[in-house]
Amino acid sequence: MTAAGTYSIDSLREKARRRIPRFAFDFLDGGAGTEAGLHRNRAAFENLRLLPRAMVDVEARSLATEFLGRRWSAPFGVAPIGMGNLIWPGADELVAAAARDADIPYILSTAGTTALERIAAIAPEHAWFQLYVGKSQAIVDDLLERVARAGFQVLVVTVDVPAPGRRLRDQHNGLSLPLKPSAMWGIELAAHPAWSFATLRKGAPRFANLEPYAARNASASSLATLMAEQSSGRLDLDLIRAIRARWKGRMILKGILSPDDAARSRDIGADAVIVSNHGGRQLSGALATLEALPAIRRKVGPDFPLILDGGIRAGEDIAKAFAAGANFTLVGRAVMYGVAAMPGGAGHAINLLKSELSQACAQLGVVSPAEIDERFVFAP
Ligand SMILES: Cc1cc2nc3c(=O)[nH]c(=O)nc-3n(C[C@H](O)[C@H](O)[C@H](O)COP(=O)(O)O)c2cc1C
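Below is a summary of the structure that appears in this document. Computed from a predicted model, the values in this text were never measured in an experiment.

1. Observations regarding the overall build of the protein chain
Of the regular secondary structure elements, the protein chain holds 17 helices and ten strands. Rg of the C-alpha trace for the protein chain: 20 Å, near the compact-globule value of 21 Å for 380 residues, within the 12% margin. Scored against the burial criterion, the 380 residues of the protein chain give a buried share of 57%. The contacts in the protein chain between residues at least 6 apart in sequence include a share of 72% that link residues at least 24 apart.

2. Let's talk about the environment of Ser355
Assignment of secondary structure puts Ser355 in helix H17 (residues 345-364). By relative accessible area, Ser355 is classed as partly exposed at 37%. Between the alpha carbons of Ser355 and Glu316 there is a distance of 9.9 Å; along the sequence they are 39 residues apart.

3. A short note on the site of the ligand
Lining the immediate environment of the ligand, one finds 22 residues, of which Pro80, Ser109, Thr158, Asp309 and Gly311 sit closest. Measuring from an oxygen atom of the ligand, one finds a side-chain N or O atom of Thr158 at 2.7 Å. One of the side-chain nitrogen or oxygen atoms of Arg313 is found 3.0 Å away from an oxygen atom of the ligand. Protein contacts shield 98% of the accessible area of the ligand, which totals 610 Å² for the unbound molecule. Of the residues in the shell around the ligand, the class split is seven nonpolar, ten polar and five charged.

4. Some words on the pairing of strand E8 (residues 272-275)
Where burial is concerned, the two faces of E8 agree: the one with Ala272 and Ile274 and the one with Val273 and Val275 are both buried. Bridge count between strand E7 (residues 250-256) and E8: four bridges; the pairing is parallel. Along E8, the bridge assignment pairs Lys254 with Ile274. Between E7 and its parallel partner E8, the chain crosses via helix H13 (residues 259-268), and the hand of that crossover is right-handed.

5. Describing the layout of surface pockets
Its boundaries defined by the atoms lining it, the largest pocket holds a volume of some 1,100 Å³. Taken together, 48 residues make up the lining of the largest pocket; nearest its centre are Phe27, Tyr132, Arg167, Asp170 and Arg281. Sorting the residues of the lining of the largest pocket by element identifies helix H2 (22-29), helix H4 (84-87), helix H8 (168-173), helix H11 (220-228) and strand E10 (328-331) as the ones contributing at least two each. At four residues, H11 tops the list of elements feeding residues into the lining of the largest pocket. Across the lining of the largest pocket, the residue classes break down as 22 nonpolar, 18 polar and eight charged.

6. Considerations on empty space enclosed by the protein
In this approach a probe as big as a water molecule rolls over the atoms, and the regions it shows empty are the leftover space. Under the definition given, this model contains one cavity of 30 Å³ or more. Along the walls of the largest cavity sit Ala79, Pro80, Ile81, Ala91, Asp92, Val95, Tyr106, Ile107 and Met336, which together make up its complete lining. Breaking the lining of the largest cavity down by element, the ones donating at least two residues are helix H5 (91-102) and strand E4 (106-109). Tallying contributions element by element places H5 first for the lining of the largest cavity, with three residues. Per-class residue counts for the lining of the largest cavity are eight nonpolar, no polar and one charged.

7. Some details on the pattern of salt bridges
In the structure shown here, the tally under the stated rule is 24 salt bridges. Residue Arg206 pairs with Glu211 through a salt bridge whose shortest N-O separation is 2.4 Å. Note that Asp238 is salt-bridged to Arg241, the shortest N-O span being 2.8 Å. Linking Asp238 with Arg241, this pair stays in helix H12 (residues 237-246), spanning three residues, or about one helical turn. The exposure class assigned to Arg241 is partly exposed, which follows from its relative accessible area of 43%. Within the structure, one salt-bridge network assembled from shared partners comprises Arg13, Glu14, Arg17, Arg22, Asp26, Asp29, Glu35 and Arg169.

8. Points about the nonpolar core
Residues Phe129, Leu131, Val335 and Ile372 are the most contacted members of the largest nonpolar core, which totals 112 residues. Looking at this core, the element that brings in the most residues is H17, giving nine residues. Membership of the second largest hydrophobic core comes to 14 residues, among which are Phe67, Leu68, Trp72 and Ala79.

9. Some details on H11
Helical geometry note: an α-helix holds 3.6 residues per turn, so side chains three or four residues apart project in the same direction. Along H11, the residues classified as buried are Leu223, Ala224, Leu226 and Met227. In a view along the axis of H11, the buried residues occupy a sector of 160°, so they form one face of it. Tucked inside the fold, the buried residues of H11 contact helix H7 (137-149).

10. Regarding the packing of helix H16 (residues 333-341) against H17
The N-to-C vectors of H16 and H17 enclose an angle of 135°; their axes lie 6 Å apart at closest approach. Between H16 and H17, the angle is such that the two are oblique. Taken as a pair, H16 and H17 cross one another with a handedness that is right-handed. On H17, the residues touching Ala334, Val335, Gly338 and Val339 of H16 are Gly345, Ala346, Ala349, Ile350 and Leu353. Each residue belonging to the contact of H16 with H17 can be placed in one class, and the counts come to seven nonpolar, two polar and no charged.

Cut-off values and rules
- Residues numbered from 1 in each chain as written.
- Predicted model: local features only at pLDDT ≥ 70, side-chain atom pairs only at ≥ 80, totals over all residues.
- Heavy atoms only, no water.
- Helix = DSSP H or I, 4+ residues; strand = E, 2+ residues; numbered from the N terminus.
- Rg over C-alpha atoms; globule rule 2.2 N^0.38 Å.
- Buried < 20%, exposed > 50% of the residue type's maximum accessible area, 1.4 Å probe, protein only.
- Contact = heavy atoms within 4.5 Å.
- Near = heavy atom within 4 Å.
- Polar contact = N/O pair within 3.5 Å; in protein donor to acceptor, adjacent residues only side chain to side chain.
- Areas by Shrake-Rupley, 256 points an atom, 1.4 Å probe, with all protein chains shown as cover.
- Nonpolar A, V, L, I, M, F, W, Y, C, P; charged D, E, K, R; others polar.
- Pairing = 2+ DSSP bridges.
- Right-handed = clockwise from strand over helix to strand, strands pointing away.
- 1 Å grid on protein atoms, 1.4 Å probe; cavity = no way out; pocket = protein on both sides within 12 Å on 5 of 7 lines; lining within 4 Å.
- Points joined across faces, edges and corners; volume = space filled by probe spheres on them.
- Salt bridge = Lys/Arg side-chain N within 4 Å of Asp/Glu carboxyl O.
- Core = buried A, V, L, I, M, F, W, Y, C linked by side-chain atoms within 4.5 Å.
- Arc of directions from axis to C-beta.
- Axes fitted to C-alpha atoms, helices over the stretch in contact; angles between N-to-C directions.
- Parallel < 35°, antiparallel > 145°, perpendicular 65-115°, else oblique.
- Left-handed = near helix turned anticlockwise from the far one by under 90°.

The structure is reproduced here in structure tokens:
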């Protein structure tokens, strides 16, 4: 039996909503503009109908999945989440450790609030690094060197932030960086003492990966300015090619929606792409990732590795992503709702997704998610 309020990702979301201040919850939960893109990701999952097979022996099921030259315990990893420690103090470390213990990948963001060297020490075999290509090439070069030196083997280059997303909830809440608590925040902090005390103990979240590039004893404000410069419109194919030539490990491009872009990524030498709309946080009019996937699969053929993220809130959604053409998936908010909901919440969310996916495999009549393909999509 699962404790009350923790039996689904949606129930963890509700618990998180009550346990952390509104400005922190909205930062995690919200999307860009009208949030149509955020809702569209969910609607696509809800609208896809699966066609199960019966009379198959599914007793010996396994979620173990080969992906990018390694075996993982399940076909999903944790997506990069900037400002993790705003959502729950110490979140980056908690999630990296939970992913390591669950034997799934964890992706640290350039905008993470824990130094990449520290995450590499916590999860040396499981941590991947997500790069934002900012205005300064010197910072990109140095980050790449540090990431390689720290032992990361997989680099994820995010390509869908040519400009910051318009997050209206954050604007409404006065969420700016560095944090400048307003009068409204006083009530929120008092109403959520566990978060407030934990933040006092850990210190306000900082862009720890950029600290070496700010002046010594950098104020939070100069770090925030530096972070703002980490999204830039200059990222083009030539720059991606240059990163490819330089980075010796595996390289994945994150934020692909167009079949042509997916094919170009493959031709440039990317080892995989992440079909993603940044969780509905960039272009609110963008199509849902689950809608984008089949055409991308057709374009790149059966063998090129495709990862999907955006809107996964249950194990069954991962089965649907496979049915639409994915080889692997990422979850962002689902795990962060867990962290914000309760102690041990990251591991709990991961286990929940695993057990739901195993049940979905049984219902579909497969012993492994890798067996799920377009034959399991109901087409009237
Ligand atoms: C609070 C938050 C912060 C994020 N920060 C980053 C980031 O720093 N870098 C990045 O590539 N994607 C970032 N994303 C996007 C996620 O990596 C991922 O694409 C998205 O969350 C997937 O959708 P889901 O949350 O519905 O699973 C962020 C998403 C959220 C919700």
